[in-house]
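Structural overview for review
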Amino acid sequence: MESTYDARPSIFESASREEWSDWHWQQRHRLRTLEDLESVVEWTDEERRAFEASREEFRVAVTPHYATLIESDDPDDPIRRQALPAPGELDPRDFELEDPLAEDAHMPVPGVTHRYPDRVLFYVSHNCPVYCRHCTRKRKVSDPETAASRSQIEQGLEYIRETPEVRDVLISGGDPLTLSDERLGTILADVQAVDHVEVLRLGTRNPVTLPQRITTDLCEQLEAARPVYVNTHFNHPREITPEAERALDRLLDAGCVLGNQMVLLKGVNDDPETVMQLNRRLLECGCRPYYILQCDMAEGITHFRTALSKGLEIMDHLRGRIAGMGVPDFVVDLPGGGGKIELVPEYLEERHGERVVFRNYKGETFEFTDVADADD
Ligand SMILES: *Cc1c(COP(=O)(O)O)cnc(C)c1O
Ligand code: SF4
(Lines give C-alpha, C1' and ligand atoms only; values in the text may rest on other atoms or scores of the structure.)
(Ligands and ions follow the chains in the order given, each with its own letter.)
Protein backbone atom coordinates (compact mmCIF):
# COMPACT_ATOMS: atom_id res chain seq x y z
CA MET A 1 0.00 0.00 0.00
CA GLU A 2 1.39 3.39 -1.05
CA SER A 3 -1.24 5.33 0.81
CA THR A 4 -4.44 4.77 2.79
CA TYR A 5 -6.08 6.28 -0.31
CA ASP A 6 -5.69 2.91 -2.04
CA ALA A 7 -7.76 1.21 0.65
CA ARG A 8 -10.30 4.00 1.26
CA PRO A 9 -13.88 3.13 2.26
CA SER A 10 -16.51 3.15 -0.47
CA ILE A 11 -18.11 6.45 0.58
CA PHE A 12 -14.89 8.16 -0.41
CA GLU A 13 -14.72 6.42 -3.77
CA SER A 14 -15.10 9.64 -5.72
CA ALA A 15 -12.39 11.49 -3.78
CA SER A 16 -9.27 12.26 -5.78
CA ARG A 17 -5.78 11.45 -4.57
CA GLU A 18 -5.11 15.19 -4.27
CA GLU A 19 -8.15 15.68 -2.06
CA TRP A 20 -7.14 12.74 0.12
CA SER A 21 -3.72 14.21 0.73
CA ASP A 22 -5.13 17.63 1.63
CA TRP A 23 -5.58 17.92 5.38
CA HIS A 24 -8.39 20.47 5.04
CA TRP A 25 -10.31 17.94 2.96
CA GLN A 26 -9.62 15.25 5.56
CA GLN A 27 -10.85 17.55 8.35
CA ARG A 28 -14.02 18.51 6.45
CA HIS A 29 -14.85 14.89 5.66
CA ARG A 30 -14.47 13.49 9.14
CA LEU A 31 -17.01 10.79 9.96
CA ARG A 32 -19.23 11.96 12.79
CA THR A 33 -22.61 10.20 12.60
CA LEU A 34 -23.81 6.63 12.91
CA GLU A 35 -24.80 6.70 9.25
CA ASP A 36 -21.39 8.00 8.10
CA LEU A 37 -19.63 5.38 10.12
CA GLU A 38 -21.87 2.62 8.81
CA SER A 39 -19.80 2.83 5.66
CA VAL A 40 -16.76 1.77 7.67
CA VAL A 41 -18.00 -0.64 10.33
CA GLU A 42 -20.88 -2.93 11.02
CA TRP A 43 -22.27 -1.58 14.26
CA THR A 44 -23.23 -3.96 17.02
CA ASP A 45 -26.46 -3.01 18.85
CA GLU A 46 -24.44 -2.24 21.97
CA GLU A 47 -22.16 0.09 20.04
CA ARG A 48 -25.14 1.89 18.53
CA ARG A 49 -26.52 2.53 22.01
CA ALA A 50 -23.10 3.63 23.26
CA PHE A 51 -22.80 6.01 20.31
CA GLU A 52 -26.17 7.65 20.97
CA ALA A 53 -25.56 7.98 24.69
CA SER A 54 -21.94 9.14 24.62
CA ARG A 55 -22.33 11.74 21.91
CA GLU A 56 -23.26 14.40 24.46
CA GLU A 57 -20.30 13.57 26.69
CA PHE A 58 -17.48 13.30 24.21
CA ARG A 59 -17.81 13.96 20.50
CA VAL A 60 -17.14 11.34 17.87
CA ALA A 61 -14.99 12.27 14.88
CA VAL A 62 -12.79 10.07 12.71
CA THR A 63 -10.69 11.29 9.78
CA PRO A 64 -11.11 9.36 6.51
CA HIS A 65 -7.42 8.43 6.80
CA TYR A 66 -7.79 6.91 10.26
CA ALA A 67 -11.13 5.28 9.42
CA THR A 68 -9.41 3.40 6.60
CA LEU A 69 -7.27 1.59 9.17
CA ILE A 70 -10.31 0.00 10.84
CA GLU A 71 -10.94 -3.64 9.91
CA SER A 72 -14.68 -3.39 9.35
CA ASP A 73 -15.68 -6.93 10.28
CA ASP A 74 -13.70 -7.16 13.53
CA PRO A 75 -15.55 -5.71 16.55
CA ASP A 76 -12.31 -6.01 18.56
CA ASP A 77 -10.16 -4.18 16.06
CA PRO A 78 -7.53 -2.08 17.92
CA ILE A 79 -8.12 1.03 15.77
CA ARG A 80 -11.88 0.74 16.15
CA ARG A 81 -11.53 0.52 19.93
CA GLN A 82 -9.62 3.81 19.97
CA ALA A 83 -11.99 5.65 17.63
CA LEU A 84 -15.54 4.44 18.29
CA PRO A 85 -17.55 4.62 21.51
CA ALA A 86 -17.93 1.43 23.54
CA PRO A 87 -20.50 0.56 26.21
CA GLY A 88 -17.79 0.80 28.89
CA GLU A 89 -17.79 4.60 28.49
CA LEU A 90 -21.22 4.71 30.07
CA ASP A 91 -20.46 2.58 33.07
CA PRO A 92 -19.39 4.96 35.87
CA ARG A 93 -17.09 3.57 38.55
CA ASP A 94 -16.56 4.88 42.08
CA PHE A 95 -12.84 5.41 41.73
CA GLU A 96 -13.00 7.29 38.45
CA LEU A 97 -12.01 10.96 38.57
CA GLU A 98 -13.11 13.84 36.38
CA ASP A 99 -9.68 15.43 36.48
CA PRO A 100 -7.49 12.42 37.37
CA LEU A 101 -4.18 14.30 37.30
CA ALA A 102 -5.51 17.42 39.05
CA GLU A 103 -4.40 19.44 36.05
CA ASP A 104 -7.03 22.09 36.65
CA ALA A 105 -6.13 22.39 40.34
CA HIS A 106 -2.50 23.16 39.49
CA MET A 107 -3.22 26.01 37.12
CA PRO A 108 -1.65 29.30 38.12
CA VAL A 109 -3.53 30.83 35.15
CA PRO A 110 -6.17 29.16 32.95
CA GLY A 111 -4.56 26.93 30.34
CA VAL A 112 -1.21 26.36 32.08
CA THR A 113 -0.46 23.45 34.44
CA HIS A 114 2.67 24.06 36.50
CA ARG A 115 3.42 20.98 38.60
CA TYR A 116 7.13 20.30 38.32
CA PRO A 117 9.59 23.04 39.21
CA ASP A 118 11.08 23.57 35.75
CA ARG A 119 8.35 22.80 33.22
CA VAL A 120 4.78 23.62 32.30
CA LEU A 121 2.00 22.18 30.17
CA PHE A 122 0.50 24.89 27.99
CA TYR A 123 -2.90 24.05 26.47
CA VAL A 124 -3.53 25.98 23.28
CA SER A 125 -6.46 24.09 21.69
CA HIS A 126 -9.23 21.75 22.75
CA ASN A 127 -9.81 20.20 19.36
CA CYS A 128 -8.35 17.11 17.75
CA PRO A 129 -8.83 15.48 14.33
CA VAL A 130 -9.94 12.23 15.99
CA TYR A 131 -11.36 12.05 19.51
CA CYS A 132 -9.57 9.14 21.13
CA ARG A 133 -11.98 7.22 23.30
CA HIS A 134 -9.24 6.74 25.91
CA CYS A 135 -8.45 10.46 26.20
CA THR A 136 -7.53 11.47 29.73
CA ARG A 137 -8.62 15.08 29.09
CA LYS A 138 -12.14 14.19 27.99
CA ARG A 139 -13.51 16.72 30.44
CA LYS A 140 -12.20 19.51 28.24
CA VAL A 141 -11.15 18.13 24.89
CA SER A 142 -13.88 18.39 22.23
CA ASP A 143 -15.86 20.86 24.35
CA PRO A 144 -16.19 24.08 22.34
CA GLU A 145 -17.10 26.08 25.46
CA THR A 146 -13.76 25.61 27.15
CA ALA A 147 -11.63 26.28 24.07
CA ALA A 148 -8.51 28.33 24.66
CA SER A 149 -9.22 31.89 23.56
CA ARG A 150 -6.59 34.28 22.28
CA SER A 151 -6.66 36.21 25.53
CA GLN A 152 -6.19 33.00 27.52
CA ILE A 153 -3.16 32.06 25.43
CA GLU A 154 -1.79 35.57 25.93
CA GLN A 155 -2.25 35.15 29.69
CA GLY A 156 -0.40 31.82 29.56
CA LEU A 157 2.49 33.45 27.71
CA GLU A 158 2.57 36.21 30.27
CA TYR A 159 2.83 33.63 33.06
CA ILE A 160 5.75 31.94 31.29
CA ARG A 161 7.50 35.29 30.80
CA GLU A 162 7.10 36.19 34.47
CA THR A 163 8.18 32.82 35.87
CA PRO A 164 11.94 32.36 35.50
CA GLU A 165 11.89 28.77 36.84
CA VAL A 166 10.12 27.66 33.66
CA ARG A 167 12.82 26.26 31.41
CA ASP A 168 10.72 23.79 29.45
CA VAL A 169 7.34 24.49 27.82
CA LEU A 170 5.22 21.65 26.52
CA ILE A 171 2.62 22.95 24.09
CA SER A 172 -0.35 20.65 24.24
CA GLY A 173 -4.13 20.50 24.06
CA GLY A 174 -6.26 18.93 22.60
CA ASP A 175 -4.00 19.00 19.63
CA PRO A 176 -1.98 22.17 18.94
CA LEU A 177 -1.86 21.29 15.23
CA THR A 178 -5.56 22.12 14.95
CA LEU A 179 -4.39 25.75 15.00
CA SER A 180 -3.34 27.40 11.74
CA ASP A 181 0.35 27.41 10.78
CA GLU A 182 0.55 31.15 11.43
CA ARG A 183 -1.10 30.93 14.83
CA LEU A 184 1.06 28.03 15.95
CA GLY A 185 4.18 29.66 14.50
CA THR A 186 3.45 32.81 16.48
CA ILE A 187 3.01 30.88 19.73
CA LEU A 188 6.24 28.96 19.15
CA ALA A 189 8.12 32.17 18.39
CA ASP A 190 6.64 33.93 21.43
CA VAL A 191 7.63 31.10 23.77
CA GLN A 192 11.07 30.81 22.23
CA ALA A 193 11.62 34.54 22.65
CA VAL A 194 11.45 34.12 26.44
CA ASP A 195 15.05 34.16 27.65
CA HIS A 196 14.71 31.56 30.38
CA VAL A 197 12.91 29.01 28.18
CA GLU A 198 15.46 26.46 26.99
CA VAL A 199 13.30 23.60 25.73
CA LEU A 200 10.26 23.74 23.48
CA ARG A 201 8.01 20.70 23.16
CA LEU A 202 4.89 19.96 21.16
CA GLY A 203 2.46 17.12 21.91
CA THR A 204 0.43 16.04 18.89
CA ARG A 205 -1.36 12.98 17.56
CA ASN A 206 -1.63 14.39 14.04
CA PRO A 207 1.10 12.11 12.63
CA VAL A 208 -1.23 9.22 13.55
CA THR A 209 -4.71 10.52 12.84
CA LEU A 210 -4.09 13.25 10.25
CA PRO A 211 -0.55 12.88 8.89
CA GLN A 212 -1.48 15.08 5.90
CA ARG A 213 -1.34 17.98 8.38
CA ILE A 214 2.47 17.82 8.42
CA THR A 215 2.92 20.11 5.42
CA THR A 216 6.04 21.92 4.25
CA ASP A 217 4.47 25.19 5.45
CA LEU A 218 3.97 23.80 8.93
CA CYS A 219 7.51 22.44 8.91
CA GLU A 220 8.84 25.90 8.10
CA GLN A 221 7.27 27.17 11.32
CA LEU A 222 8.79 24.29 13.28
CA GLU A 223 12.17 24.72 11.68
CA ALA A 224 12.22 28.38 12.68
CA ALA A 225 12.04 27.27 16.31
CA ARG A 226 14.31 24.24 16.00
CA PRO A 227 14.92 21.99 17.78
CA VAL A 228 11.30 21.37 18.76
CA TYR A 229 10.82 18.15 20.71
CA VAL A 230 7.72 16.58 19.16
CA ASN A 231 6.02 13.88 21.19
CA THR A 232 3.44 11.93 19.30
CA HIS A 233 1.07 9.13 20.26
CA PHE A 234 1.22 5.90 18.25
CA ASN A 235 -0.46 3.03 20.04
CA HIS A 236 -0.38 0.26 17.46
CA PRO A 237 2.01 -0.74 14.64
CA ARG A 238 -0.81 -0.53 12.07
CA GLU A 239 -0.98 3.22 12.69
CA ILE A 240 2.44 3.64 11.08
CA THR A 241 1.10 4.11 7.57
CA PRO A 242 3.12 5.37 4.58
CA GLU A 243 1.59 8.81 5.24
CA ALA A 244 2.67 8.66 8.87
CA GLU A 245 6.21 7.71 7.85
CA ARG A 246 6.40 10.64 5.47
CA ALA A 247 5.05 12.96 8.17
CA LEU A 248 7.73 11.81 10.63
CA ASP A 249 10.37 12.17 7.94
CA ARG A 250 9.35 15.75 7.28
CA LEU A 251 9.46 16.54 10.98
CA LEU A 252 12.99 15.12 11.14
CA ASP A 253 13.95 17.30 8.18
CA ALA A 254 12.66 20.32 10.09
CA GLY A 255 15.06 19.53 12.92
CA CYS A 256 12.46 18.07 15.28
CA VAL A 257 13.46 15.49 17.86
CA LEU A 258 10.80 12.79 17.82
CA GLY A 259 9.42 10.79 20.73
CA ASN A 260 6.37 8.60 21.20
CA GLN A 261 4.04 8.39 24.18
CA MET A 262 2.10 5.16 23.98
CA VAL A 263 -0.86 4.65 26.26
CA LEU A 264 -1.21 1.09 27.44
CA LEU A 265 -4.74 0.01 26.44
CA LYS A 266 -6.58 -3.25 26.86
CA GLY A 267 -7.41 -4.84 23.54
CA VAL A 268 -5.17 -2.39 21.67
CA ASN A 269 -1.57 -2.93 22.70
CA ASP A 270 -1.62 -4.92 25.94
CA ASP A 271 0.69 -7.60 24.69
CA PRO A 272 4.48 -7.60 24.54
CA GLU A 273 4.83 -8.56 20.87
CA THR A 274 2.54 -5.74 19.68
CA VAL A 275 4.61 -3.19 21.60
CA MET A 276 7.82 -4.76 20.27
CA GLN A 277 6.56 -4.40 16.68
CA LEU A 278 5.44 -0.84 17.34
CA ASN A 279 8.77 0.18 18.85
CA ARG A 280 10.78 -1.43 16.05
CA ARG A 281 8.78 0.49 13.47
CA LEU A 282 9.13 3.72 15.45
CA LEU A 283 12.92 3.39 15.58
CA GLU A 284 12.93 2.71 11.85
CA CYS A 285 11.17 6.07 11.43
CA GLY A 286 13.56 7.99 13.69
CA CYS A 287 11.06 8.28 16.54
CA ARG A 288 12.17 7.13 19.98
CA PRO A 289 9.70 5.41 22.28
CA TYR A 290 9.63 7.82 25.24
CA TYR A 291 6.86 6.63 27.55
CA ILE A 292 4.46 3.79 28.02
CA LEU A 293 1.75 5.47 30.05
CA GLN A 294 -0.45 3.50 32.39
CA CYS A 295 -4.05 4.37 31.48
CA ASP A 296 -5.38 6.98 33.96
CA MET A 297 -8.31 6.73 36.35
CA ALA A 298 -10.36 9.12 34.20
CA GLU A 299 -14.13 8.82 33.81
CA GLY A 300 -15.41 6.36 31.25
CA ILE A 301 -12.11 4.74 30.29
CA THR A 302 -11.85 1.98 32.87
CA HIS A 303 -12.61 -0.64 30.20
CA PHE A 304 -9.25 0.31 28.66
CA ARG A 305 -7.23 -0.20 31.83
CA THR A 306 -4.82 -3.06 32.41
CA ALA A 307 -3.23 -4.31 35.64
CA LEU A 308 0.10 -2.67 36.52
CA SER A 309 1.68 -6.12 36.11
CA LYS A 310 0.87 -6.03 32.37
CA GLY A 311 3.07 -2.99 31.83
CA LEU A 312 5.88 -4.63 33.78
CA GLU A 313 5.53 -7.78 31.69
CA ILE A 314 5.89 -5.69 28.54
CA MET A 315 8.95 -3.88 29.90
CA ASP A 316 10.51 -7.19 30.85
CA HIS A 317 9.95 -8.47 27.32
CA LEU A 318 11.48 -5.39 25.66
CA ARG A 319 14.69 -5.15 27.69
CA GLY A 320 17.42 -7.16 26.00
CA ARG A 321 15.38 -7.95 22.90
CA ILE A 322 15.48 -4.50 21.32
CA ALA A 323 18.03 -1.68 21.49
CA GLY A 324 17.90 0.36 24.66
CA MET A 325 16.57 3.21 22.49
CA GLY A 326 13.47 1.10 21.91
CA VAL A 327 12.82 0.63 25.62
CA PRO A 328 10.69 3.52 26.93
CA ASP A 329 9.93 4.32 30.56
CA PHE A 330 6.77 2.76 31.91
CA VAL A 331 5.12 5.52 33.93
CA VAL A 332 2.09 6.03 36.12
CA ASP A 333 0.80 9.57 36.38
CA LEU A 334 -0.39 9.66 39.99
CA PRO A 335 -3.95 10.76 40.67
CA GLY A 336 -4.37 14.02 42.49
CA GLY A 337 -1.35 15.60 40.82
CA GLY A 338 1.46 13.53 42.32
CA GLY A 339 3.27 13.54 38.99
CA LYS A 340 4.76 10.69 37.00
CA ILE A 341 6.62 7.80 38.56
CA GLU A 342 8.46 5.04 36.77
CA LEU A 343 7.87 1.34 37.33
CA VAL A 344 10.69 -1.06 36.54
CA PRO A 345 10.76 -4.87 36.55
CA GLU A 346 12.81 -6.32 39.42
CA TYR A 347 16.21 -7.58 38.27
CA LEU A 348 17.80 -7.92 41.70
CA GLU A 349 17.21 -11.46 42.97
CA GLU A 350 19.22 -11.61 46.19
CA ARG A 351 21.60 -9.54 48.21
CA HIS A 352 24.01 -10.71 50.93
CA GLY A 353 26.15 -7.80 52.02
CA GLU A 354 28.16 -6.79 49.01
CA ARG A 355 27.28 -9.92 47.04
CA VAL A 356 24.35 -9.21 44.73
CA VAL A 357 22.58 -11.67 42.45
CA PHE A 358 20.88 -10.25 39.37
CA ARG A 359 18.86 -11.96 36.69
CA ASN A 360 19.19 -10.95 33.06
CA TYR A 361 16.51 -10.71 30.37
CA LYS A 362 16.70 -14.47 29.77
CA GLY A 363 16.19 -15.26 33.43
CA GLU A 364 19.82 -16.40 33.92
CA THR A 365 21.43 -15.27 37.16
CA PHE A 366 24.74 -13.48 37.55
CA GLU A 367 26.72 -12.44 40.58
CA PHE A 368 27.94 -8.92 41.05
CA THR A 369 30.10 -7.53 43.84
CA ASP A 370 29.03 -4.14 45.06
CA VAL A 371 31.41 -1.73 46.80
CA ALA A 372 30.70 -0.33 50.22
CA ASP A 373 29.45 3.23 50.21
CA ALA A 374 32.43 5.46 51.02
CA ASP A 375 30.40 7.22 53.72
CA ASP A 376 29.66 4.02 55.68
C1 LIG B 1 3.84 14.83 31.95
C2 LIG B 1 3.85 16.20 32.39
C3 LIG B 1 4.91 17.05 32.06
C4 LIG B 1 6.09 16.59 31.22
O5 LIG B 1 6.76 15.62 31.92
P6 LIG B 1 8.05 14.86 31.38
O7 LIG B 1 8.10 13.68 32.28
O8 LIG B 1 9.18 15.79 31.52
O9 LIG B 1 7.80 14.49 29.95
C10 LIG B 1 4.90 18.32 32.55
N11 LIG B 1 3.89 18.78 33.31
C12 LIG B 1 2.85 17.98 33.64
C13 LIG B 1 1.76 18.54 34.49
C14 LIG B 1 2.79 16.67 33.19
O15 LIG B 1 1.76 15.89 33.52
S1 SF4 C 1 -5.30 13.40 20.38
FE2 SF4 C 1 -4.72 13.47 22.55
S3 SF4 C 1 -5.92 15.17 23.42
FE4 SF4 C 1 -6.86 14.60 21.43
S5 SF4 C 1 -8.46 13.12 21.94
FE6 SF4 C 1 -6.61 11.95 21.45
S7 SF4 C 1 -5.63 11.62 23.45
FE8 SF4 C 1 -7.12 13.30 23.73
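Predicted model only: the values in this text are computed from it and were never measured. (Residues numbered from 1 in each chain as written. Chains lettered and ligands numbered in written order. Predicted model: local features only at pLDDT ≥ 70, side-chain atom pairs only at ≥ 80, totals over all residues. Heavy atoms only, no water.)

**Quick look at the domain arrangement of the chain**
Split by domain assignment, the chain resolves into domain 1 (10-86), domain 2 (104-343) and domain 3 (348-376). Centre-to-centre separation of domain 1 and domain 2, based on C-alpha positions: 23 Å. Contacts between domain 1 and domain 2 engage 29 residues on the former and 34 residues on the latter. Carbon and sulfur atoms supply 56% of the area buried between domain 1 and domain 2, which totals about 2600 Å² over both sides. The three residues of domain 1 that bury the most area against domain 2 are Trp 23, Phe 58 and Gln 82, which together make up 32% of that side's buried surface. Linking domain 1 with domain 2 are 1 salt bridge, by the criterion used here. With a shortest N-O distance of 2.7 Å, Arg 238 and Asp 77 are connected by a salt bridge. Contributions of two or more residues to the side of domain 1 that touches domain 2 are made by helix H2 (23-28), helix H5 (64-68) and helix H6 (78-83). Counting residues per element, the side of domain 1 that touches domain 2 draws most heavily on H6, at 5 residues. Considered class by class, the residues forming the side of domain 1 that touches domain 2 number 15 nonpolar, 7 polar and 7 charged. (Domains from an automatic or database assignment. Contact = heavy atoms within 4.5 Å. Buried area = accessible area lost by both parts, 1.4 Å probe. Salt bridge = Lys/Arg side-chain N within 4 Å of Asp/Glu carboxyl O. Helix = DSSP H or I, 4+ residues; strand = E, 2+ residues; numbered from the N terminus. Nonpolar A, V, L, I, M, F, W, Y, C, P; charged D, E, K, R; others polar.)

**Remarks on the packing of aromatic side chains**
Across all of its chains, the model carries 8 aromatic pairs by this definition. Measuring from centroid to centroid gives 5.5 Å for Trp 43 and Phe 51, while their planes differ by 75 degrees, and the two rings are edge-to-face. According to the relative accessible area criterion, Trp 43 is buried, its value standing at 9%. Residue placement shows Arg 119 over the ring face of Tyr 116; its charged tip is 4.0 Å from the ring centre. One residue, Arg 213, lies across the ring of Trp 23, its end atom 4.2 Å from the ring centre. (Phe/Tyr/Trp six-rings, centres within 6.5 Å; stacked < 30°, edge-to-face > 60°. Buried < 20%, exposed > 50% of the residue type's maximum accessible area, 1.4 Å probe, protein only. Lys NZ or Arg CZ within 6 Å of the ring centre and 35° of its normal.)

**Quick notes on the site of ligand 2**
As a matter of local geometry, ligand 2 sits amid Cys 128, Val 130, Tyr 131, Cys 132, Cys 135, Val 141, Gly 174, Arg 205 and His 233. Split into classes, the residues belonging to the shell around ligand 2 amount to 6 nonpolar, 2 polar and 1 charged. (Near = heavy atom within 4 Å.)

**Quick look at the packing of helix H8 (residues 181-192) against helix H10 (residues 216-224)**
Axis separation between H8 and H10 bottoms out at 9 Å; the angle between their running directions is 5 degrees. Between H8 and H10, the crossing angle belongs to the class labelled roughly parallel. Contacts between H8 and H10 involve Asp 181, Glu 182, Leu 184, Gly 185, Leu 188 and Gln 192 from the former and Asp 217, Leu 218, Gln 221, Leu 222 and Ala 224 from the latter. The residue makeup of the contact of H8 with H10, split by class, is 5 nonpolar, 3 polar and 3 charged. (Axes fitted to C-alpha atoms, helices over the stretch in contact; angles between N-to-C directions. Parallel < 35°, antiparallel > 145°, perpendicular 65-115°, else oblique.)

**Considering the environment of Glu 42**
Position of Glu 42 among the secondary structure elements: in the loop between helix H3 (34-38) and helix H4 (45-54). The exposed category is assigned to Glu 42, whose relative accessible area is 61%. Between the C-alpha atom of Glu 42 and that of Asp 74, which follows or precedes it by 32 residues, the distance is 8.7 Å. In contact with Glu 42, not counting residues within four places along its chain, are Glu 47, Ser 72 and Arg 80.

**Looking at the nonpolar core**
Counting residues in each nonpolar core, the largest one holds 77 residues, and the members touching the most others are Phe 122, Val 169, Ile 171, Val 191, Leu 251, Ile 292 and Leu 318. The residues that make up this core include at least three from each of domain 1 (10-86) and domain 2 (104-343). When near neighbours in sequence (up to four residues on either side) are disregarded, Leu 251 contacts Pro 207, Ile 214, Cys 219, Leu 222, Val 230, Cys 256 and Leu 258. Grouped together as the second largest cluster of nonpolar side chains are 10 residues, Leu 265, Val 268, Ala 298 and Val 331 included. (Core = buried A, V, L, I, M, F, W, Y, C linked by side-chain atoms within 4.5 Å.)

**With respect to the site of ligand 1**
Around ligand 1 sit Thr 113, Arg 115, Tyr 116, Arg 119, Leu 121, Leu 170, Arg 201, Tyr 290, Tyr 291, Asp 333 and Lys 340, and that is every residue in its neighbourhood. With respect to ligand 1, the side chain of Arg 201 contributes an N or O atom lying 2.8 Å from an oxygen atom. Measuring from an oxygen atom of ligand 1, one finds a side-chain N or O atom of Lys 340 at 2.9 Å. Protein coverage of the free-state accessible area of ligand 1, which is 390 Å², stands at 91%. For the shell around ligand 1, the secondary-structure elements that each account for two or more residues are strand E2 (119-123) and strand E7 (287-294). Of the residues in the shell around ligand 1, the class split is 5 nonpolar, 1 polar and 5 charged. (Polar contact = N/O pair within 3.5 Å; in protein donor to acceptor, adjacent residues only side chain to side chain. Areas by Shrake-Rupley, 256 points an atom, 1.4 Å probe, with all protein chains shown as cover.)

**A few points about H8**
Given a rise of 1.5 Å per residue, 12 residues ought to cover 16 Å, and the 16 Å separating the end C-alpha atoms of H8 matches this to within 8%. Among the structural elements, E2, helix H7 (150-162), strand E3 (168-172), strand E4 (199-203) and H10 are those in contact with the buried residues of H8. (Expected span 1.5 Å × (residues − 1).)

**Side note on the pairing of strand E9 (residues 339-342)**
As judged from the 4 bridges shared by strand E8 (residues 329-334) and E9, these two strands associate in the antiparallel manner. Each residue of the ladder has a partner; that of Leu 334, found in E9, is Gly 339. Here E8 folds back onto E9 in antiparallel fashion, the turn holding 4 residues, of which Gly 336 has a positive phi close to 85 degrees. (Pairing = 2+ DSSP bridges.)

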